[in-house]
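Observations on chain architecture
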Amino acid sequence: KLMEAVLGGSDDSATGDLKKRLGELESKLSAGGKSKERVAAGLSASAEAVAGAIPKNGVLIEFIRYRDYSAPGRFTPRYGALVIKSGGEPVFVPLDSAKNVEAGMALYAKAVRAKLEDEKMEKFLRAAAASVWDPVRPHLPDAGQHIILSPDGVLNFLSFATLLEGDKFVGETWMLSYVASGRDLLRK
């Protein structure tokens, strides 16, 4: 419902109510005994264990929104990606500023609701790819392999499969899956 409200252009009060309700439900879920054990086990997961759970020749991309230290007392909100290959070491890839990514996602939300001409939609999808996909491209597996995505912030509302790379959609080149966190790969 929250995603529909954001993409549907609902006002801040409607999305605020949904975010509050979501927080209440998450708190309720984590209050149970077995939930607490699963959360504790998930938080103690190592990068090596997560890398070992990635399918052979696959990649996990953990997108994160973070505060980049630029000077004493000054931080710039940015997005980054932690790319982990099957059985490999994590590689951090800095992405665009949060301001640019979030402005692009606001346009994306409007674009998916509007009937845009193909040329305008293509231009937008290429710009979105340049912001969050192209920087991770050198770390991706060969075409046809599995990429597991764990988006953060507004990137949760982006369909990575629709981004354009060359003359193809990303979803035509790789098999994409989504997880809330790379630690989800450790669940039985």
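Summary of the structure given here. (Residues numbered from 1 in each chain as written. Predicted model: local features only at pLDDT ≥ 70, side-chain atom pairs only at ≥ 80, totals over all residues. Heavy atoms only, no water.)

All right, on to the pattern of salt bridges then. Here the structure, examined in full by the defined rule, presents four salt bridges. Close ionic contact of Arg126 with Glu122 constitutes a salt bridge, the shortest N to O distance being 3.1 Å. On the criterion of helical spacing, the pair formed by Arg126 and Glu122 is a turn pair, its members being four residues apart in helix H6 (residues 118-132). A residue is classified by how much of its surface remains accessible, and Arg126, at 32% relative accessible area, is partly exposed. (Salt bridge = Lys/Arg side-chain N within 4 Å of Asp/Glu carboxyl O. Helix = DSSP H or I, 4+ residues; strand = E, 2+ residues; numbered from the N terminus. Buried < 20%, exposed > 50% of the residue type's maximum accessible area, 1.4 Å probe, protein only.)

Glancing now at the packing of aromatic side chains. Counted according to the given criterion, the structure contains six aromatic pairs. Judged by centre distance (5.0 Å) and plane angle (25°), the ring pair of Phe63 and Phe160 falls under stacked. One end of the pair, Phe63, is in strand E1 (residues 59-71); the other, Phe160, is in the loop between strand E4 (146-150) and strand E5 (164-165), with 97 residues separating them in the sequence. According to the relative accessible area criterion, Phe63 is buried, its value standing at 1%. Connected via pairs of aromatic rings, a cluster forms that spans Phe63, Trp133, Phe160, Trp174 and Tyr178. Positioned over the ring face of Phe75 is Arg67, at 4.3 Å from the centre of the ring. (Phe/Tyr/Trp six-rings, centres within 6.5 Å; stacked < 30°, edge-to-face > 60°. Lys NZ or Arg CZ within 6 Å of the ring centre and 35° of its normal.)

Our focus in this paragraph is helix H5 (residues 98-113). Taking 1.5 Å of rise per residue, the 16 residues of H5 would be expected to cover 22 Å, and the 23 Å separating its terminal C-alpha atoms lies within 8% of that figure. Those residues of H5 lying buried are Ala98, Val101, Met105, Tyr108, Ala109 and Ala111. One side of H5 holds all its buried residues, which, seen down the axis, span an arc of 165°. Of the residues in H5, the exposed ones pointing more than 90 degrees away from the buried face are Lys99, Leu107 and Lys110. (Expected span 1.5 Å × (residues − 1). Arc of directions from axis to C-beta.)

Glycine aside, negative phi is the norm for most residues, and most peptide bonds take the trans geometry. In this structure, Asn57 takes a positive phi of about 65° despite not being glycine. You can see Asn57 is positioned in the loop between helix H4 (47-53) and E1. The class for Asn57 is partly exposed, based on a relative accessible area of 45%.

Relative to strand E2 (residues 74-85), E1 runs antiparallel, the two being bridged by twelve bridges. Pairing of Phe63 across the sheet is with Ala81, part of E2. Following E1, the chain reverses through two residues before pairing antiparallel with E2; Gly73 in that reversal takes a positive phi of roughly 80°. Looking at chain direction, E2 and strand E3 (residues 90-97) are connected through six bridges and run antiparallel. Opposite Ile84, over in E3, you have Pro90 as the bridge partner. Two successive antiparallel strands, E2 and E3, enclose a turn made up of four residues, where Gly87 displays a positive phi of approximately 70°. (Pairing = 2+ DSSP bridges.)

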